[in-house]
Each structure stands twice: as C-alpha cells, then as structure tokens.
Amino acid sequence: MAKINGASLFPILPPSPVGIARMAAQAKHADDGHQIEFKTLEVRSILNKSVSKRQLSLAYSINPYRGCEFGCKYCYARYTHEFMAPKTAAETSPAVATNAMDLRDPLAFERMIFLKQNAAWLLEQELKKIDPADEVALGTATDPYQPIERRARITRSLLEVFARKEGYRLGIVTKSRLIERDIDLLVEVARRNTLVVHVTITTPDAALARLLEPRAPRPDLRFQAVKRLREAGIVAGVFGSPLLPGITDNQEALDNMARRSAAVGASFFAAHPLFLKPCSRPTYLSFVREHFPALQADYAKRFATADFAGREYRERLAKMVDGACRRYGLGKRSSDALLTRDEEGGGRRPVQSSRTTSRQQRLFA
C-alpha cells in the first residue's frame, strides 16, 4: 500500500452504523429540557407493523417520538434505545461516541428524546397501502402527548391526517391531559372513523403516581381529561395498567379506580398485570427496594424466570377487574386495551353526544 511520510493513502476505516443506529448518529440537536436533550430523527416510516409476544391483535402502531419524558419506573420500552447504538466499538466514531454510551443506558430512554420528522407526510403515504379495517394504535411505546408535543406538535399533525380520512380504526393511549388540546381534531376523526381513547391512570394516589411516573400529569388531571373527552362525545376510558403486585392489585384499589372512572363518565375501565422486561427491572425494582422493601422477596420470586405474570394470577385479576366494572356500570375491554373493538360486547353503553357516530355507539352496546 502506498504511503506518504509513513501514512497510508487508503486507511482502513471503521464500519459505519447502519439502519436506525445510523439515523440516530445523524440526528441533530433540536431542543433542550430539564436533564433532557431532544434530537430530530429522519425516519423512513411512521406506521409500524406490530409484532408482540403478548399476541396483541392490533395491526399497526405509531409512535411519534422515540423515548419518553415521563420516566415511568415500569416502562417496558426502555430497551428500544439500544437499537440506535452502534453494535460494536469499531462502529463508534468520535462524532457519535457520546450517543453510543448514552443510548445503552436505560435512563437514556427518558433523557434523550428523538422527534420523528415528516411524520404526517409519511402517514399520508402509508395509509394508502393498508386495509382500513386493520387497527392502528397511537402511543404503544412512547406517550404521544409527552411535554415536547406542546412545541413539536407531531401528534397533532398525525391527527390532521386521520381527520381527512374515512373508515379507519384508531386507538390512542396516553397519560397526558395535553390530549384535551386536540379535542377539536379528535371529534373530526371520530366523525368518519372509529376512535377509542385510553387514558392511563395507574393509581389515583398522587404521591404514589409521582414516585412511579415522576414527570407525568397528576392522576386527577388525567381523570379530568377523560371527562372532557366524554363531554365532547368521544369514546374514552381509563386504562389502569399496570397492576402492581402488593401495591395496586387488590379489589379495594380496583373498585376505587372503577368508581372514579364512572364518576367522570368513562366508557370503560381496563387493567392488566405488571410485566417486567430486563430493561425495566433495574429502575422498577429500585423503586420497590426504596419504597416497598417488604415486597422485594415477592418480586424476586415472581420475576425470577419470566417477564410476565402467571396464568392463575392473570385470571384472578381479570375477574376482579370484571367485578369492579359490573359494580360501577362500566364497559370493559375484552382483550388488550389498545383495541377499538369490544369482542364480548359487555358493559354499559356510554352516554353519547349527537356528534358521536353510530359505529362508536355500537362499540360498547
């Protein structure tokens, strides 16, 4: 190999990151928050085909952001940032070294948030290629209404696309009262499509919620958001997941949640057991160790060999949730709470405004 002053003319360059890791390496600074950095992410697609070990029957998911500011201790999506880190040290150039280190840290999920660019344009193109009967869930891994949405307005741009469509099935999952900002668009979406909103409220206890979900809105504000959505004629209910062993998985707690849900006119109430992926165990078990030390042995046993709750425990909790729904006249979700369908058709029919479509009226009939 030719050399000039001892240096090779054709040095062997380290391999460059590929795929989502390359996109993350090329991401540009967009904004800053308290202990948070926001970056742009030039994605090629916004509509993702859903593949889940939980066998969810939704077909597609949309997450306008990668990473989430709320910092929930039990979050199962923390591992997704690892996909954006270079696979080997050789792929890590000085320009992306800091990113690589941060992205492998579970805390990076809540401290480095990526904003997906051109989301509305991508959605417009991709909706043309799917069957409108397939269900689409907005907010499966990151909250579509986390605080940066106030400025970035990516979620609102996606709703503007759906508001121009007809015959699609959209489910939204959020912990944020910011969804109230988009009630005008949600009404338009629901006019010609099937729309169901799920507001996650893990506990009505504000002090416990602050420990579990440190940067999410207070529970009372989330209940108020459900009330506002229902008053606008939108099918909206409370998603009380995850049910935390020894903390919120008892009948008294479930009845309390169902009673409060009924008080704000919720269309339904649903709740499912906690599951802990390896990426979420350190943060959640640290929370248990600090605030519920007496439960450490129980959690170690429960999650020693599996991420998900056992069948007997799941069935017992399902019966408890069903009982709470019956006692307070709430509709229930017969499958996972991201769906727009109610397979069993149980529970009360929610009060509907004149603007609510006949399709929505049949959802919980």
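Because the structure is predicted, anything quoted here is derived from the model rather than measured.

Chemist: So what about the overall build of the protein? Which residues, and what values?
Modeler: Assigned secondary structure in the protein consists of 14 helices and 14 strands. Looking at the protein residue by residue over its 365 residues, the buried ones come to 53%. When contacts within the protein are restricted to residue pairs at least 6 apart in sequence, those whose partners lie at least 24 apart make up 76%. Just so you have it, the protein exposes about 16900 Å², and 52% of that area is on carbon and sulfur atoms.

Chemist: Give me the lowdown on the pairing of strand 4 (residues 36-41), citing residues and values where you can.
Modeler: Each regular strand carries side chains that alternate between the two faces of the sheet. For strand 4, the tally of buried residues reaches five of six residues, placing the bulk of the element in the interior. Here strand 4 pairs with strand 8 (residues 112-116) via five bridges, running parallel. Within the sheet, the bridge partner assigned to lysine 39 lies in strand 8 and is phenylalanine 114.

Chemist: Describe the packing of helix 6 (residues 154-163) against helix 7 (residues 183-192), naming the residues involved and giving the relevant values.
Modeler: The contact between helix 6 and helix 7 brings their axes to 8 Å, and the two run at 30°. One element, helix 6, and the other, helix 7, form an angle in the roughly parallel class. In this structure, helix 6 crosses over helix 7, and the sense of that crossing is left-handed. On helix 7, the residues that touch Arg156, Leu159, Glu160, Phe162 and Ala163 of helix 6 are Asp184, Leu185, Leu186, Glu188, Val189 and Arg192.

Chemist: Tell me about the sheet that holds strand 12 (residues 236-239), residues and numbers included.
Modeler: Taken in spatial order, the eight strands line up as 5-6-9-10-11-12-13-14 in an open sheet, and their pairing is mixed. Two strands lie at the open edges of the sheet, namely strand 5 (48-49) and strand 14 (331-332), each paired on one side alone. With four bridges connecting them, strand 11 (residues 194-200) and strand 12 associate as parallel partners. Looking at the pairing, threonine 200 lines up with phenylalanine 239 of strand 12. Here helix 10 (residues 251-263) sits on the sheet in contact with strand 12 and strand 13 (268-270), set at roughly 155° to strand 13.

Chemist: A description of the packing of aromatic side chains should follow, citing residues and the corresponding values.
Modeler: Under the definition given, this model contains seven aromatic pairs. Ring centres of phenylalanine 275 and phenylalanine 308 lie 4.9 Å apart, and the angle between their planes is 15°; on these two criteria the pair is classed as stacked. Here phenylalanine 275 is found in the loop between strand 13 and helix 11 (281-291), whereas its partner phenylalanine 308 is found in the loop between helix 12 (296-302) and helix 13 (311-327), with 33 residues between them in sequence.

Chemist: Any details on the side chain of glutamate 126? Residues and values, ideally.
Modeler: Its location among the elements puts glutamate 126 in helix 4 (residues 119-127). Although glutamate 126 is buried, it forms no salt bridge, and the closest oppositely charged side chain is lysine 129 at an N-O distance of 6.9 Å. Sequence-distant contacts of glutamate 126, that is, excluding residues within four places in its chain, are made with Ser45, Ile46 and Leu47.

Chemist: Provide a residue-level description of the packing of helix 4 against helix 6, including the pertinent values.
Modeler: Running from N to C, helix 4 and helix 6 cross one another at 30°; their axes reach a closest spacing of 8 Å. Regarding the angle of helix 4 to helix 6, the classification is roughly parallel. Crossing handedness for the pair helix 4 and helix 6: right-handed. The residues of helix 6 that touch helix 4, namely those facing Ala119, Ala120, Leu123, Glu124 and Leu127, are Ile154, Ser157, Leu158, Val161 and Phe162. For the contact of helix 4 with helix 6, the per-class residue count stands at eight nonpolar, one polar and one charged.

The rules behind each value
Residues numbered from 1 in each chain as written. Predicted model: local features only at pLDDT ≥ 70, side-chain atom pairs only at ≥ 80, totals over all residues. Heavy atoms only, no water. Helix = DSSP H or I, 4+ residues; strand = E, 2+ residues; numbered from the N terminus. Buried < 20%, exposed > 50% of the residue type's maximum accessible area, 1.4 Å probe, protein only. Contact = heavy atoms within 4.5 Å. Areas by Shrake-Rupley, 256 points an atom, 1.4 Å probe, with all protein chains shown as cover. Pairing = 2+ DSSP bridges. Axes fitted to C-alpha atoms, helices over the stretch in contact; angles between N-to-C directions. Parallel < 35°, antiparallel > 145°, perpendicular 65-115°, else oblique. Left-handed = near helix turned anticlockwise from the far one by under 90°. Phe/Tyr/Trp six-rings, centres within 6.5 Å; stacked < 30°, edge-to-face > 60°. Lys, Arg positive; Asp, Glu negative; His and termini not counted. Salt bridge = Lys/Arg side-chain N within 4 Å of Asp/Glu carboxyl O. Nonpolar A, V, L, I, M, F, W, Y, C, P; charged D, E, K, R; others polar.

The analysis is restricted to geometry; functional conclusions fall outside its scope.
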